[in-house]
Amino acid sequence: MRQLLLTAGLLLPLALDTFALAAALGVAGLEKQDRLRVALVFTVFEAGMPIAGILVGRVAGNLIGAWAGYGGILFLLLAGVLLLRPDDERRLQLLAHAHGLAIIDLGLGISVDELTVGLSAGLLGLPIAVTIVWITVQAFVAAQVGLRFGARIGEEIRERSEQAAGVALIAVALVLLALKLLKL
């Protein structure tokens, strides 16, 4: 049950962040024919970076042993802080129309916070297969919903959802830290 709650605590902020980024593209006026391509690119980066982070986190967790949980909590705090920073709207605009290698550069630039969440998941020992499936599903669904509703919602609502994601990750990290310190 603890792992299920922890996974949900990581996925909700990731979904909010992906939604906010996709909504920014929708606000920018992304063409309908480009929505699937952009949603797939988002899915690759928004799911791929946490997957890479999980794998690296698992290896690091095995190396640092008992301190791995604290490392995971630290990376969750870092991811929360990263989500509270303002977006680079220009990168999002470029991503909407990028092709080829430019997509890789732009995708990496917008998914650093997802890497830190993946590192946390790996350090906290979440099951890799289940976590990967859920991360991938949430990334695709959140991107689709964000792209479709982006043109209809205001910029302020989009920014608030990203800030909510940051606050949620920080809250999850603080709860985990309290549980670890209280040995619950």
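Novice: Which parts of the structure should I look at to understand the packing of helix α2 (residues 32-64) against helix α7 (residues 128-150)?
Specialist: Following both chains from N to C, one finds α2 and α7 inclined at 150°, their axes separated by 8 Å at the closest point. Considering their axes alone, α2 and α7 lie roughly antiparallel with respect to each other. Crossing geometry of α2 relative to α7 is assigned as right-handed. Tallied by class, the residues present in the contact of α2 with α7 amount to 17 nonpolar, four polar and four charged.

Novice: Where do I start with the packing of aromatic side chains in this structure?
Specialist: Centre-to-centre distance and the angle between the planes together describe a pair of aromatic rings. Here the structure, examined in full by the defined rule, presents one aromatic pair. Ring centres of Trp67 and Tyr70 lie 5.5 Å apart, and the angle between their planes is 45°; on these two criteria the pair is classed as tilted. Looking at Tyr70, the relative accessible area reads 29%, which means it is partly exposed.

Novice: Any chance you could explain the nonpolar core here in plain terms?
Specialist: It is characteristic of soluble globular proteins that their nonpolar side chains tend to be buried jointly. The biggest cluster of nonpolar side chains holds 21 residues, and the ones touching the most others in it are Leu6, Leu10, Leu76, Val117, Ile135, Leu169 and Leu176. Elements represented by at least two residues in this core include exactly α1 (2-27), α2, α3 (68-84), α6 (112-123), α7 and α8 (155-181). For this core, the leading source of residues is α8, giving five residues. Setting aside anything within four residues of it in sequence, one finds Leu10 in contact with Leu76, Val117, Ala121, Leu126 and Leu169. In terms of nonpolar packing, the next biggest core, distinct from the first, is built from eight residues, Leu25, Val38, Ala39 and Ala143 among them.

Novice: Sorry if this is basic, but what is going on with a nonpolar patch on the surface here?
Specialist: Taken together, the side chains of Val130, Val133, Trp134, Val137, Val141, Val145 and Phe149 make up a nonpolar region of the molecular surface, amounting to roughly 600 Å² of accessible area. The residue Trp134 is located in helix α7 in this model. When its relative accessible area of 48% is taken as the criterion, Trp134 is described as partly exposed.

Novice: Mind showing me how you'd approach the environment of Arg85 here?
Specialist: Inspection of the secondary structure assignment puts Arg85 in the loop between α3 and α4 (89-97). Judged by relative accessible area, which is 36%, Arg85 ranks as partly exposed. Note: C-alpha distance between Arg85 and Glu162 (77 residues apart in sequence) is 9.2 Å.

Basis of the calculations
Residues numbered from 1 in each chain as written. Predicted model: local features only at pLDDT ≥ 70, side-chain atom pairs only at ≥ 80, totals over all residues. Heavy atoms only, no water. Axes fitted to C-alpha atoms, helices over the stretch in contact; angles between N-to-C directions. Helix = DSSP H or I, 4+ residues; strand = E, 2+ residues; numbered from the N terminus. Parallel < 35°, antiparallel > 145°, perpendicular 65-115°, else oblique. Left-handed = near helix turned anticlockwise from the far one by under 90°. Nonpolar A, V, L, I, M, F, W, Y, C, P; charged D, E, K, R; others polar. Phe/Tyr/Trp six-rings, centres within 6.5 Å; stacked < 30°, edge-to-face > 60°. Buried < 20%, exposed > 50% of the residue type's maximum accessible area, 1.4 Å probe, protein only. Core = buried A, V, L, I, M, F, W, Y, C linked by side-chain atoms within 4.5 Å. Contact = heavy atoms within 4.5 Å. Patch = residues over 30% accessible without salt bridge, like charges linked within 9 Å, V, L, I, M, F, W, Y side chains within 5 Å. Areas by Shrake-Rupley, 256 points an atom, 1.4 Å probe, with all protein chains shown as cover. Salt bridge = Lys/Arg side-chain N within 4 Å of Asp/Glu carboxyl O.

This is a description of form; function is not addressed.
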